[in-house]
Amino acid sequence: MKRLQVDIRQRRPIPLEVGLHCGRGELLALVGPSGSGKTSVLRCIAGLHHPTGRIVCGGEVWLDDALGIALPPQRRRVGFVFQDYALFPHLTVLQNLMLACRLPGERAREKARRWLQRVHLAGLEDRRPDTLSGGQRQRVALARAMMRDPDVILLDEPFSAVDQVTRRRLRLEMAELKRTLRIPMILVTHDLEEAEMLADRMALIHRGRILQQGSPAEVMLRPVDAEAARLVDVRNLFRGRVIAVDRERGRCRLRWEAGELEAPWRESIPVGATVDWCIPPAGLLLHSRRRPSRGVRENPVRGRIVEIVRFGGRAQLVLAPVAAPEKRLHLDLSQHVVERNRLAVGEPVGVSLLSRFIHLMPPRRR
Amino acid sequence: MDWQAFGVSLRLAAWTVALLLPMALLLARLLAWRRFPGRLVLEAVIALPLVLPPSVLGFYLLVLFNPGAPLGRWFMETTGTTLVFSFPGLVLASLVYSLPFAVQPLLRAFQAIPPQLREAAWCSGLGPWRTFWKIELPLARGGLLSALVLSFAHTLGEFGVVLMVGGNIPGRTRTLAVAIYDRVQAFDEAAAGRMSLFLLGFSLMAVMAVFAVERRR
């Protein structure tokens, strides 16, 4: 079974303490702010850094400091796509690919041509890297990484050096390629949208430690704590106190600055505990001004609109609750909803914080 | 024109360049990519011939080459001749004297290679030796050419150290530069002028060639 298991620690150049795994055909996104150690993890896996710990790929031990094993990069079958692609500037596209292949001349050439076709670059064989566009360079780097028949593919911010239109196309191509590959893939990115689009699993990394691993939806909607929530850009993040618990129904009453809420209860949270809680913008229901709908009685909050940002047919609404005007509630709406309800900055509105979307995070044990 | 002296100069330059370039490649790579204690000292020692008077360098080389000193004794025992006032001694002196002219361009060239390119080579499965031949050397080509031309021309025009270590033995240690000095001492200005003009033209072309290479990069 080709499965990558990584368990590493290092102090320098960047402190790391990371445990993660990635299955066959699985794409794991390593997400975190810049300087969090994402790239260092990739470099450790590739053998460019030398941490302590253990790295096993498909039953082959690449690193085990207890056994004194530390294979050099040449002997780890990785395909590495560098952030700026690191194409060899003095070689043609075809030569770039052929160099990464151990096959004898003619067969290497044939294989390189096949890969160029797969990444839609047929016809550019004899071009030098400096005559290619950003998107083309990225495809060459990807094809070169594949020429080794890698056991794992490592992608270091592969879409950061291209414009937005190209990025969108390259992501689609990556999703397409991913479906055909049967090896672990690790994608380093600081772009949450990208991780959500491409990843099967996501690992949130901060200051060299993994804060949370799980499906993108889980990591984005159910962060383990306030720090993780901030890193995945949770906009509706608040503090509150659990004042009552209904164990049977699995619910609790939560008091926060703008009133009281009913929320799902988790076993680990006692009555009286101070918790961080969050709710995605999609969990906020706008009360229609003309026809009150069914949800109006669920966790109602009155507020005043302080900001409306429109883009691409959608609108972001920012509310200040009447009971806590310094707090901000974010919700996303279709633009026609904004228009139909004649929403404008300064207008009072009512929203419901749908209970099932509320996520409580137990206070951090330090 | 003292063709015999020109022959000695050419032979000296050829030998020096042939032995110097591999040494310089090794040193330049070391200085470009490795951090090690004593790096600063090594860098300074390599650059020293640029600022040291040739007579000082020549003096210390003479001391080293003396059959009483370990190096001189070893050479005496293995070859039966002395290093002082011999062609091999001259080559050895030239190696030291021209070292910075070979190392500096190579060092600059290696430093200009982005580290990711070497890492990309390793991650493409290329071992250190293949990485050197396929990536590092081709990318440092301009620096290599500069190193070659500069150290060749510099050896050709070398005077002070040659005079100190080699003396002035026709056919063995009398180089073109020494021959010019010799002619001036003998008031043979016409011969000195011809040889000087020749060396001037040659050096000018060499330096222009280096600039042309640097500009193309």
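Predicted, not measured: the structure shown is a model, and the values here were computed from it. (Residues numbered from 1 in each chain as written. Chains lettered and ligands numbered in written order. Predicted model: local features only at pLDDT ≥ 70, side-chain atom pairs only at ≥ 80, totals over all residues.)

Draft legend 1. Layout of the overall build of chain A. Counting its secondary structure elements, chain A contains 9 helices and 21 strands. In terms of overall dimensions, chain A has a C-alpha envelope of 75 × 50 × 35 Å along the principal axes. Burial status across chain A gives 37% buried among its 366 residues. Within chain A, residue pairs in contact and separated by at least 24 positions form 65% of the contacts whose partners lie at least 6 positions apart. (Helix = DSSP H or I, 4+ residues; strand = E, 2+ residues; numbered from the N terminus. Buried ≥ 20, exposed ≤ 12 C-beta atoms within 10 Å, placed from the backbone. Contact = placed C-beta atoms within 7 Å.)

Draft legend 2. Layout of the confidence of the model for chain B. Considering every residue of chain B, the mean pLDDT works out to 91; 100% of them sit at 70 or more. Both scores are available for the predicted complex, with the pTM at 0.86 and the ipTM at 0.86. (pLDDT = per-residue confidence, 0-100.)

Draft legend 3. Main features of the domain arrangement of chain A. Annotation of chain A at the domain level lists domain 1 (4-228), domain 2 (234-278) and domain 3 (281-356). Just the C-alpha atoms count here: the centres of domain 1 of chain A and domain 2 of chain A sit 40 Å apart. (Domains from an automatic or database assignment.)

Draft legend 4. Structural context of the nonpolar core. One finds Ala29, Leu30, Leu97, Leu154, Ile186 and Leu187 of chain A together with Leu106 of chain B to be the most contacted residues of the largest nonpolar core, which totals 150 residues. The element that contributes the greatest number of residues to this core is helix α5 (residues 87-111) of chain B, accounting for 13 residues. Beyond its immediate stretch of four places on either side in the chain, Leu154 of chain A contacts Leu42, Ile45, Ala46, Val78, Gly79, Phe80, Val81 and Ile186 of chain A. (Core = buried A, V, L, I, M, F, W, Y, C linked by C-beta atoms within 7 Å.)

Draft legend 5. Region of the structure containing the sheet that holds strand β12 (residues 237-246) of chain A. All names here are of chain A. Read across the open sheet, the 5 strands follow the order β14-β13-β12-β15-β21; overall the sheet is antiparallel. The open sheet has two edge strands, β14 (259-264) and β21 (359-361), and neither has a second partner. Taken over all neighbouring pairs, the strand axes of this sheet differ in orientation by 45° on average, direction set aside. The sheet contact formed by strand β15 (residues 274-278) and β21 spans 3 bridges and is antiparallel. By the bridge assignment for β21, Cys278 is matched with His359. (Pairing = 2+ DSSP bridges. Axes fitted to C-alpha atoms, helices over the stretch in contact; angles between N-to-C directions.)

Draft legend 6. Highlighting the sheet that holds strand β19 (residues 329-334) of chain A. All names here are of chain A. Across the sheet, which stays open at both edges, the 5 strands sit in the order β16-β20-β17-β18-β19 with antiparallel pairing between neighbours. Strands at the two margins of the open sheet, each flanked by one partner only, are β16 (284-286) and β19. With direction set aside, neighbouring strand axes in the sheet form an average angle of 45°.

Draft legend 7. Quick look at the packing of α5 of chain B against helix α8 (residues 141-156) of chain B. Residue and element names in this part refer to chain B. Their axes nearest at 8 Å, the elements α5 and α8 cross at an angle of 160°. Regarding the angle of α5 to α8, the classification is roughly antiparallel. As for the relative orientation of α5 and α8, their crossing is right-handed in sense. Facing Ser94, Ser98, Phe101, Ala102, Pro105, Leu106, Arg108 and Ala109 of α5, the residues of α8 in contact are Gly142, Gly143, Leu144, Ser146, Ala147, Leu150, Ser151, His154 and Thr155. Here the residues of the contact of α5 with α8 sort into 8 nonpolar, 8 polar and 1 charged. (Parallel < 35°, antiparallel > 145°, perpendicular 65-115°, else oblique. Left-handed = near helix turned anticlockwise from the far one by under 90°. Nonpolar A, V, L, I, M, F, W, Y, C, P; charged D, E, K, R; others polar.)

Draft legend 8. Structural view of the pairing of strand β11 (residues 209-214) of chain A. Residue and element names in this part refer to chain A. Judged from the 5 bridges that link them, strand β10 (residues 201-206) and β11 form a sheet pairing that is antiparallel. Counterpart to Ala203 in the pairing with β11 is Gln213. The turn linking β10 back onto β11 is made up of 2 residues, and Arg207 within it adopts a positive phi angle of 50°.

Draft legend 9. Spotlight on the interface of chain B and chain A. At the junction of the two partners, chain B supplies 14 residues and chain A supplies 16 residues. At the level of secondary structure, the elements contributing two or more residues to the side of chain B that touches chain A comprise α6 (115-123) and α7 (128-139) of chain B. The element best represented in the side of chain B that touches chain A is α6 of chain B, accounting for 6 residues. Across the side of chain B that touches chain A, the residue classes break down as 8 nonpolar, 4 polar and 2 charged.

Draft legend 10. Spotlight on the environment of Leu25 of chain B. All names here are of chain B. As for its placement among the helices and strands, Leu25 is situated in helix α1 (residues 3-33). Owing to 21 C-beta atoms within 10 Å, Leu25 belongs among the buried residues under this scheme. Along the chain, Leu25 and Ala147 lie 122 residues apart, while their C-alpha atoms are 9.6 Å from each other.

Draft legend 11. Region of interest: helix α10 (residues 176-185) of chain B. Of all the residues in α10 of chain B, the buried ones are Leu176, Ala177, Val178, Ala179, Ile180 and Arg183 of chain B. Within two residues after α10 of chain B, Phe187 of chain B carries a phi angle of roughly 55°, on the positive side.

Draft legend 12. Fine view of the environment of Lys327 of chain A. Residue and element names in this part refer to chain A. Checked against the element boundaries, Lys327 lands in the loop between β18 (314-321) and β19. Taking the C-alpha atoms as reference points, Lys327 and Thr131, 196 residues apart in sequence, are found 52 Å from one another. The contacts of Lys327, once residues within four sequence positions are left out, are Phe238, Glu257, Ala258, Ala320 and Pro321.

Draft legend 13. Quick peek at the pairing of strand β9 (residues 185-189) of chain A. Residues and elements named next belong to chain A. The element β9 is extensively covered by neighbouring structure, given that 5 of its 5 residues are classed as buried. The alternating pattern of β9 places Met185, Leu187 and Thr189 on one face and Ile186 and Val188 on the opposite face, and all of these are buried. Summarising the sheet, strand β3 (residues 27-31) and β9 pair through 5 bridges and their orientation is parallel. When the sheet's bridge partners are listed, Ala29 is paired in β9 with Leu187. As paired elements, strand β8 (residues 152-156) and β9 share 4 bridges and run parallel to each other. Considered in β9, the bridge of Asp156 is made with Val188. With helix α5 (residues 164-180) bridging β8 and its parallel neighbour β9, the resulting β-α-β unit is right-handed. (Right-handed = clockwise from strand over helix to strand, strands pointing away.)

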